[in-house]
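Next come the chains, spelled out residue by residue.
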Amino acid sequence: MPNRFDEDVSAIKAQTHIQHMDANETVFFARQLEYIRPKIYDVKRPQLSALTTFPIDTAVPEWAESVTYTMYDATGIAKIISSYADDLPMVGINGKQFTSRVKSLGDAYGWSTAEIRAAAATNTPLQSKLATMAKRGHDIAVNKIAWFGDANANLQGFLSNTNIPVYVTPADGTGSSKLWTTKTADQITRDMSELVNLVKTQSLGIHVANELWMPLDEYTLISTKVRGTTANPSADSILKVFQINNPGVTVKPILELADVATYSSLNVMVAIENSVENLQLVLPMAFREYPPQANNLSWKVPCESRIGGVTIEYPFAMAITSGI
């Protein structure tokens, strides 16, 4: 079975009627592509949060044009019964089906024939920056769609999903404000705890939040603001006190939760039972490079990936608030 190097050489040779490279240049170009591909994934960059925050679903076929999922709501609870009871309450699940489109993302990178000839003649490696930028372009698009969706493409994002239950943060800061910068440490701790507790109460104990997400500024505030006075500088921070009282909840700073357009450009906080059973970022096809193509006086490497947005099966496994 031919490898990617053989495919690239074959693709380049097959198009020599369009633009000519000699044998040495052809082999040089193909070998450079083989070298550049792994380098795309070696570059250290700030991690885009969606790819590390949401569970990834790759089970949807690459060829699928849509993904249909069911949003569930559990109903019914047990009751006290007699020995011969025949009126046992039925426990069921109400479900509504939703369909999200699957769309392709595409870009490309390449070099001019003059650049390839000069690099081959001087044995100078081709720069991998263009390839890295192509991969980065896909990651940025995936991150944006995962958080905010794309209405024109009918792709649902986490923050554009209107089925997530909303908690109204008390406006009891200075000047009746919800902003944490106007609140005491006790009030902030209460806001965090009540949002986490809401996940459990609204789902009748079926779901328990294991993560609390907030913007970086708010995370920095709770990491540095102490529950005490200046006379007691050794007092624990809000974050430490919260973690002691909620040992199963991980607090995460997420840049995308600041100035969220769908929440009136306010900062938002999310409590969630983050599990693949509750939500997924649908990625039917990971970033893929195709064999190089001749394009006038240049060679272009097309790149593609496919995304189906964020699907949420159990919205009661999460809660969101804004204005902090």
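It should be noted that the structure appears before, not after, this text.
Bear in mind that the values here come from a model prediction, so they are computed numbers and not experimental data. (Residues numbered from 1 in each chain as written. Predicted model: local features only at pLDDT ≥ 70, side-chain atom pairs only at ≥ 80, totals over all residues. Heavy atoms only, no water.)

1. A word on the pattern of salt bridges
Rules: Note on definitions: salt bridges are taken to be side-chain nitrogens of Lys or Arg within 4 Å of carboxyl oxygens of Asp or Glu. The way it works is that DSSP assigns letters per residue, a run of H or I at least four long becomes a helix, a run of E at least two long becomes a strand, and they are numbered from the N terminus. The cut-offs for exposure are 20% and 50% of the maximum accessible area for each residue type, with area from a 1.4 Å probe on protein chains only; residues under the lower value are buried, those over the upper are exposed, and the others partly exposed.
For the coordinates displayed, the defined rule picks out 9 salt bridges. Residue Arg 190 is joined to Asp 172 by a salt bridge in which the shortest nitrogen-to-oxygen separation is 2.5 Å. Of this pair, Arg 190 sits in helix α6 (residues 185-202) while Asp 172 is found in the loop between α5 (129-148) and α6, placing the two residues 18 residues apart along the sequence. A residue is classified by how much of its surface remains accessible, and Arg 190, at 23% relative accessible area, is partly exposed. Residue Asp 191 is joined to Lys 183 by a salt bridge in which the shortest nitrogen-to-oxygen separation is 2.7 Å. Judged by its relative accessible area of 0%, Asp 191 is buried. Here the salt bridges do not stand alone but share partners, grouping Asp 172, Lys 183, Arg 190 and Asp 191 into one network.

2. What about the side chain of Ser 177?
Condition: Residue contacts are counted whenever heavy atoms from the two residues lie within 4.5 Å of one another.
Along the chain, Ser 177 turns up in the loop between α5 and α6. Owing to a relative accessible area of 16%, Ser 177 belongs among the buried residues under this scheme. Setting aside residues no more than four positions away along its own chain, Ser 177 makes contact with Pro 170, Ala 171, Asp 172, Thr 182 and Lys 183.

3. Section: the sheet that holds strand β13 (residues 318-322)
Heads up, the rule is: A pair of strands is considered paired only if DSSP assigns at least 2 bridges between the two. Lines fitted to C-alpha atoms define the axes, with helix axes restricted to the stretch in contact, and inter-axis angles between N-to-C directions lie between 0 and 180 degrees.
Strand order across the open sheet formed by 4 strands is β6-β5-β7-β13, with mixed pairing between neighbours. Every interior strand has two partners, whereas the edge strands, β6 (250-253) and β13, have only one. The average angle at which neighbouring strand axes cross in this sheet is 15°, direction not considered. Here 3 bridges tie strand β5 (residues 211-214) to strand β7 (residues 268-272), and the two strands are oriented antiparallel to one another. Bridged to Leu 212 within β7 is Ala 271.

4. Observations regarding the nonpolar core
Under the convention used in this document: Residues grouped as a nonpolar core are buried Ala, Val, Leu, Ile, Met, Phe, Trp, Tyr and Cys residues, joined through side-chain atoms within 4.5 Å.
Counting residues in hydrophobic clusters, the biggest one holds 29 residues, and the most contacted among them are Phe 54, Trp 147, Phe 158 and Trp 213. No other element matches α5, which puts 4 residues into this core. Beyond its immediate stretch of four places on either side in the chain, Trp 213 contacts Thr 53, Phe 54, Trp 147, Phe 158, Lys 252, Ile 254, Leu 257, Val 268, Met 269, Val 270, Ile 272 and Asn 274. Membership of the second largest hydrophobic core comes to 22 residues, among which are Met 192, Leu 221, Ile 238 and Ala 271.

5. Some remarks on the environment of Pro 247
Its location among the elements puts Pro 247 in the loop between α8 (238-245) and β6. Taking the C-alpha atoms as reference points, Pro 247 and Asn 210, separated by 37 residues in sequence, lie 9.1 Å from one another.

6. Details of the sheet that holds strand β8 (residues 279-282)
Strand order in the open sheet made by the 3 strands is β1-β8-β12, with mixed pairing throughout. If you trace the sheet from one side to the other, it starts and ends with β1 (56-57) and β12 (310-312), each paired once. With 3 bridges connecting them, β8 and β12 associate as antiparallel partners. Paired with Leu 281 across the bridge in β12 is Val 310.

7. With respect to α6
The condition is simple: Given a helix with a known number of residues, its expected span is that number minus one, times 1.5 Å.
In a regular helix each residue adds 1.5 Å, so 18 residues correspond to 26 Å; α6 covers 26 Å between its end C-alpha atoms and thus fits that length. Residues of α6 that are buried include every one of Ala 185, Gln 187, Ile 188, Thr 189, Asp 191, Met 192, Ser 193, Leu 195, Val 196, Val 199 and Gln 202, and no others. Here the buried face of α6 lies against β5, α7 (216-224), α8, β7 and β13. Directly beyond the C-terminal end of α6, a positive phi value near 55° is found at Leu 204.

8. Details of the packing of aromatic side chains
Selection rule: When two rings of Phe, Tyr or Trp (its six-membered ring) have centres within 6.5 Å they constitute a pair, described as stacked for plane angles under 30 degrees, edge-to-face for angles over 60, and tilted for the intermediate range. Put simply, a charge is over a ring when the Lys NZ or the Arg CZ is close to the ring centre, within 6 Å, and near the line of the ring normal, within 35 degrees.
One pass over the full model with this rule turns up 9 aromatic pairs. Seen from their ring centres, Phe 158 and Trp 213 are 5.4 Å apart, and the 55° between their planes marks the pair as tilted. One end of the pair, Phe 158, is in the loop between α5 and α6; the other, Trp 213, is in strand β5, with 55 residues separating them in the sequence. Judged on exposure class, the residue Phe 158 and its partner Trp 213 are both buried. Joined through ring pairs, the aromatic side chains of Phe 29, Tyr 109, Trp 111 and Trp 299 make up one cluster. Over the ring of Phe 287 we find Lys 135; its NZ or CZ atom is 6.0 Å from the centre of that ring.

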